[in-house]
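# Residue-level structure breakdown
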Amino acid sequence: MKITLVSGARPNFMKISPIVKALDIAILEGYNIKYRIIHTGQHYDHNMSSNFFAQLGIPMPDNNLKCSSGSQAEQTAKIMIEFEKELIQNFPDIVVVVGDVNSTMACAITSKKLGIKTVHVEAGIRSGDMAMPEEINRVVTDAICDDFFTTSEFANLNLKNLQIPSNKIHFVGNTMIDTLVQNFNKMKAPEFWDAFELKKNNYFILTLHRPINVDNPVYLESLLKNISLITNGYKIIFPIHPRTKSIIDSFLIPVNNILLVEPQSYNEFIFLITYSKAVITDSGGISEETTVLNIPCITLRDTTERPETVLNGSNVLVGNNMDLLNSNIQLILNNQWKNATLPMLWDGHAAERIVNTLILKYYPN
Ligand code: UD1
């Protein structure tokens, strides 16, 4: 059974790592499975890409398509052209795409048009916000895939509402949490830990990269100023995404009282959130990790495709409402945050379930 695994942007790497490990175990058990890891090159900086391969023990990609940057259409088109060549040269039985980045959608379309069974890991989640490229990627990918591996009952319901037959929906849990479980004891303090005098609970983590939060420099400046004022007395560690960095640099946005650091590798980032007072973010994946780690999380978005992080978890949505942001930060400072409970099947075994399902459905008899 030949499998091609697609990864392209930072959040994909945490999602494919446990699948690779589960495939290796199946191969050791005697299954004749061959897999190729394809990196589309969507993310390419060392600390956005190869660092994660090294720390998570993912083998070097068999092919890097080097499709970096560009507009939405350029990036998607470049990935489709290069991925088609890869698939024609190394024709697999199954293509696995994960998550919701441009690489996910581009490779799903390419694979499906070549008549290859295409399966989507983290299928069915929906924010309802079609202004986000990720939502379009989710809708398109789920419209054409053959099998759907889901992280939540919400995702199952969304897929059922699309009339997808239940034998194609596989509720397996969350591969990102598999990675958290598998690597938790490898977490380590970043090199700036002592220099910044960081201690458990004396700092917030801030991450921002969504166009809605960072592309308007006036808004970004007011947001940063507000956060630095309201968290008075706490340090703010801001691992800065390249997209955000280029806007801060171009518009000379002041970042008073905020400690800017490079994008962190996985082991350092998990360490930082584990010991933080709270996380302020516009990421979806981080709100899953803070839910499992029971760390308060404020999300600077109006919607989430991961409602379980709000309903079961430690996440709240504040959008761009500064009053709501400030009152939630105050709750955190007063130690009045809700306690998270673990969403169903977020137990570290999702990738095993995915590989077992692929074997059951597709392994030749
Ligand atoms: C992408 C994903 C987003 C995900 C995020 C995680 C899409 C539509 N968006 O957003 O869902 O949450 O990754 O980080 O797929 N850049 C670099 N070095 C890199 C990567 C990017 O300098 O290694 C710069 C480039 O100038 C690029 C810009 O960042 O044009 C944005 O990168 P891109 O991959 O287009 O989108 P992200 O904002 O990273």
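Heads up: the structure comes first, above all this text.
Right, let's talk about the packing of helix H7 (residues 175–183) against helix H12 (residues 285–293) for a bit. Running from amino to carboxyl end, H7 crosses H12 at an angle of 50°, the nearest separation of the two axes being 10 Å. Taken as axis vectors, H7 and H12 run oblique relative to one another. Considering the relative orientation of H7 and H12, their crossing is right-handed. In this structure, H7 contributes Met-176, Ile-177 and Leu-180 to the contact, and H12 contributes Gly-285, Glu-288, Glu-289, Val-292 and Leu-293.

The next point concerns the site of the ligand. The environment of the ligand is made up of 18 residues, and the closest members are Gln-42, His-43, Asn-102, Glu-134 and His-209. At 2.8 Å, a side-chain N or O of Gln-42 approaches an oxygen atom of the ligand. Here an oxygen atom of the ligand sits 2.8 Å away from a polar atom, N or O, in the main chain of Asp-45. The fraction of the free accessible surface of the ligand (740 Å²) that becomes covered by protein chains is 86%. When contributions to the shell around the ligand are tallied by element, the ones reaching two or more residues are helix H1 (10–28), helix H5 (133–144) and helix H10 (242–250).

Moving on to the pattern of salt bridges. Between side chains of opposite charge, a pair can form as their charged atoms come close. Per the stated rule, a full pass over the model turns up 18 salt bridges. Its salt-bridge partner being Glu-288, residue Arg-306 comes within 2.7 Å of it at the nearest N-O pair. On the criterion of sequence distance, the pair formed by Arg-306 in the loop between strand E12 (297–299) and helix H13 (308–311) and Glu-288 in helix H12 is long-range, its members being 18 residues apart. Accessibility expressed as a relative area gives 0% for Glu-288, which makes it buried. Linking Glu-305 and Arg-301 is a salt bridge whose minimum nitrogen-to-oxygen distance equals 2.7 Å. The exposure class of Glu-305 is buried, given its relative accessible area of 2%. Each of Lys-15, Asp-100, Glu-122, Glu-135, Arg-138, Glu-288, Arg-301, Glu-305 and Arg-306 takes part in a single network of salt bridges with overlapping partners.

Despite not being glycine, Lys-66 has its phi angle at roughly 55°, a positive value. Residue placement: Lys-66 occurs in the loop between strand E3 (63–64) and helix H3 (72–89). According to the relative accessible area criterion, Lys-66 is exposed, its value standing at 67%. Located in the positive-phi region is Leu-252, a residue other than glycine, with phi close to 50°. Relative to the helices and strands, Leu-252 is located in the loop between H10 and strand E10 (259–261). The class for Leu-252 is exposed, based on a relative accessible area of 71%.

Attention now moves to the sheet that holds strand E7 (residues 169–171). The strand order across the open sheet formed by 7 strands is E3-E2-E1-E4-E5-E6-E7, and the pairing between neighbours is parallel. Single-partner strands in this sheet number two, and they are E3 and E7. The sheet contact formed by strand E6 (residues 147–150) and E7 spans 3 bridges and is parallel. By the bridge assignment for E7, Phe-149 is matched with His-170.

Conventions used here
Residues numbered from 1 in each chain as written. Predicted model: local features only at pLDDT ≥ 70, side-chain atom pairs only at ≥ 80, totals over all residues. Heavy atoms only, no water. Axes fitted to C-alpha atoms, helices over the stretch in contact; angles between N-to-C directions. Helix = DSSP H or I, 4+ residues; strand = E, 2+ residues; numbered from the N terminus. Parallel < 35°, antiparallel > 145°, perpendicular 65-115°, else oblique. Left-handed = near helix turned anticlockwise from the far one by under 90°. Contact = heavy atoms within 4.5 Å. Near = heavy atom within 4 Å. Polar contact = N/O pair within 3.5 Å; in protein donor to acceptor, adjacent residues only side chain to side chain. Areas by Shrake-Rupley, 256 points an atom, 1.4 Å probe, with all protein chains shown as cover. Salt bridge = Lys/Arg side-chain N within 4 Å of Asp/Glu carboxyl O. Buried < 20%, exposed > 50% of the residue type's maximum accessible area, 1.4 Å probe, protein only. Pairing = 2+ DSSP bridges.

It is worth stressing that arrangement in space is one thing and function is another; only the former is reported here.
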